[in-house]
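Observations on chain architecture
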Amino acid sequence: MIRFLNQFGKYFLLLGKVFSKPEKTIIYYKQTMSEMVYLGFNSVGIITIISFFMGAVITLQTAYNTENPIYPTYLIGLGCRDSIILEFSSTITALILAGKVGSNIASEIGTMRITEQIDALEMMGINSATYLILPKIIATLIFNPLLTLISIIVGIVGGGIAGTLTGVITPEDFIYGIQYAFIPYYITYSMIKTLFFAFIITTVSSFQGYYVNGGSLEVGRASTRAVVYSSVLILLFNVILTQLLLS
Amino acid sequence: MIKAQNIDLSFNGKKVLDNVSVTFEPGKTNLIIGRSGSGKTVLLKSIVGLHNIESGEIWFEDILFNKLDFAGKTEIRKKMGMLFQGSALFDSLTTEQNVRFPLDMFTGMSLEEKTERVNFCLNRVNITNSNKLYPAELSGGMKKRVAIARAIALNPKYLFCDEPNSGLDPLTAILIDELIREITEEYQMTTVVNTHDMNSVMEIGEKIVFINEGIICWEGSKNEILNSDCKILNDFVFANSLAKQLRKSHE
Ligand SMILES: Nc1ncnc2c1ncn2[C@@H]1O[C@H](COP(=O)(O)OP(=O)(O)OP(=O)(O)O)[C@@H](O)[C@H]1O
Ligand SMILES: [Mg+2]
């Protein structure tokens, strides 16, 4: 328990160090741009594939569970749309990114720690926490909402294709369904969640990497911890945010 | 001039630096020698503030360095260059970008001026035609030399080198020693070098500090080191058979 509180305090101290004024804004701008490519753009592929199949499965599941003549079939499209927007896209995207980006960040920063690159930055009078972590936070805060949007669109398209190909719903009904009683706030809600999740992934993973002590074994452990802790926190905040935003 | 006074530091209850006092003078290559694990790296890192000392004082000229805040330390650190034991080049940057990094961060130089300075520093350490290579593509000795180039890019007043020539062949090792001594004299820097290589000691040791288990046991010059009456130092100095034979023929 004391160790937990200790870690908790250290985490917020690190955040304090991260959010101090950068030395040269132009350099941070460049760093942020390259992190966007590295942490964001490079994940578009995996997010697309997973969202497509996720959408397909959700549509088929909804269809089989509502096989009842009283329900109009366009409800399948509506159900698919709402589950994807409300829950799956933001959460699944975040969990995938926790695995991909989180371990990546932790091992990158951890390796820099054990090979004295962080010391070298500090020696030059550079605030290593700001320099290494702030661009990553900004990049993921900007890019992850985009990834979630991509996930939503691809997921719904996947659902439509799967539904039509298996014949559980006609394309017309599906399109009618996904337009029926659409609540724009759901998108806002999804974006808010995504922003929280992005912040969790980047800061928790950076924290794990930044305080690595030892050798390459420790870097490995830190990146595992980064994935586990950020995933658990994502699921926890998912519950909290759902309660706060939808009730 | 750099002065450390009565500094103490322990890790997990184990004393690594025990009441260390030492002075390093400008225009000289000051050496810290000692066996592996004796506390050389820790002493160097404590002096530059990468480890927080538990008690004692560290002076850079007339400024009490260890009591400064981050911004104050940054001001002094801009005048320091450091070569780390493992080189610590930035993996994601090329040779050229590594050396240019401090210039990018702290000067308003134009790209041409920076490139010129980078090439000057790289030439100084005999690195040519490797500007676009990444650290992973360099040999250990080349990494060390690039790291020295990076350390001197901003014309530092204080230069710290942690084992600049460990793991290098004898010729390259001498080359690096020579280089360090030359730039020290040329720019009147205060240079501190960690080493356990007796060749460097005899080559460049103008002022030598011998540290053993966190305690400074002996101080002097390379002319005095062969005739000291400190037992642990003698064991260190005459560890290899060549040196032992030399001493015998001397007596
Ligand atoms: N971060 C650390 N945490 C705990 N103990 C440490 C740490 N760094 C160094 N030590 C301990 O401090 C002592 C001195 O280590 P140091 O790295 O200064 O040795 P050294 O003289 O530089 O040796 P070498 O010549 O092998 O580089 C060692 O006993 C080491 O175990
Ligand atoms: Mg060492």
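These numbers come from a predicted model, not from an experiment.

1. A few points about the overall build of chain B
When helices and strands are counted, chain B shows ten helices and ten strands. Here chain B has a C-alpha radius of gyration of 19 Å; the compact-globule value for 251 residues is 18 Å, and the two agree. For chain B, the spread of C-alpha atoms along the principal axes amounts to about 60 × 45 × 35 Å. Looking at the 251 residues of chain B, the share that counts as buried comes to 53%. Counted over contacts in chain B with a minimum sequence separation of 6, partners at least 24 positions apart contribute 64%. Surface accessibility of chain B: about 11,600 Å² in total, with carbon and sulfur atoms responsible for 49%.

2. Quick look at the state of the cysteines
Residue and element names in this part refer to chain B. A complete count under the given rule lists zero disulfides over all chains for this structure. No disulfide involves Cys161; its sulfur sits 14 Å from that of Cys121, the nearest cysteine. Using a relative accessible area of 0% as the deciding quantity, one classes Cys161 as buried. Left without a disulfide partner, Cys230 is nearest to the cysteine sulfur of Cys217, which lies 5.4 Å away.

3. A few points about the sheet that holds strand E9 (residues 207–212) of chain B
All names here are of chain B. Taken together, six strands build an open sheet; the order of strands is E6-E7-E8-E3-E9-E10 and the sheet is mixed. Edge positions in the sheet fall to strand E6 (80–83) and strand E10 (215–220), since each of these pairs with one other strand and no more. Strand after strand, the sheet turns through a mean of 15° between neighbouring axes, direction not considered. Summarising the sheet, strand E3 (residues 29–33) and E9 pair through four bridges and their orientation is parallel. Its bridge partner being in E9, Leu31 is matched across the sheet by Ile208. Helix H5 (residues 140–152) contacts E6 and strand E7 (158–162) of the sheet and is inclined by roughly 170° relative to E6.

4. Considerations on the coordination of the magnesium ion (ligand 2)
Residue and element names in this part refer to chain B. For the magnesium ion (ligand 2), the full set of protein donor atoms is Thr41 (OG1) and Gln85 (OE1), and the range of their distances to it is 1.8 to 2.3 Å. Of this pair, Thr41 sits in helix H1 (residues 40–47) while Gln85 sits in the loop between E6 and helix H3 (95–106), placing them 44 residues apart in sequence. Residue classification places Gln85 among the partly exposed residues on the basis of a relative accessible area of 33%.

5. Digging into the site of ligand 1
Residues and elements named next belong to chain B. Close contacts around ligand 1 come from 14 residues, with Ser36, Gly37, Lys40, Thr41 and Gln85 the closest. One of the side-chain nitrogen or oxygen atoms of Lys14 is found 2.9 Å away from an oxygen atom of ligand 1. Interatomic distance of 2.6 Å between a side-chain N/O atom of Thr41 and an oxygen atom of ligand 1. Considering ligand 1 on its own, with 630 Å² of exposed area, one finds that the protein chains cover 67% of that surface.

Conventions used here
- Residues numbered from 1 in each chain as written.
- Chains lettered and ligands numbered in written order.
- Predicted model: local features only at pLDDT ≥ 70, side-chain atom pairs only at ≥ 80, totals over all residues.
- Heavy atoms only, no water.
- Helix = DSSP H or I, 4+ residues; strand = E, 2+ residues; numbered from the N terminus.
- Rg over C-alpha atoms; globule rule 2.2 N^0.38 Å.
- Buried < 20%, exposed > 50% of the residue type's maximum accessible area, 1.4 Å probe, protein only.
- Contact = heavy atoms within 4.5 Å.
- Areas by Shrake-Rupley, 256 points an atom, 1.4 Å probe, with all protein chains shown as cover.
- Disulfide = S-S within 2.5 Å.
- Pairing = 2+ DSSP bridges.
- Axes fitted to C-alpha atoms, helices over the stretch in contact; angles between N-to-C directions.
- Donors = N, O, S within 2.8 Å, 3.2 Å for Na, K, Ca; no water.
- Near = heavy atom within 4 Å.
- Polar contact = N/O pair within 3.5 Å; in protein donor to acceptor, adjacent residues only side chain to side chain.

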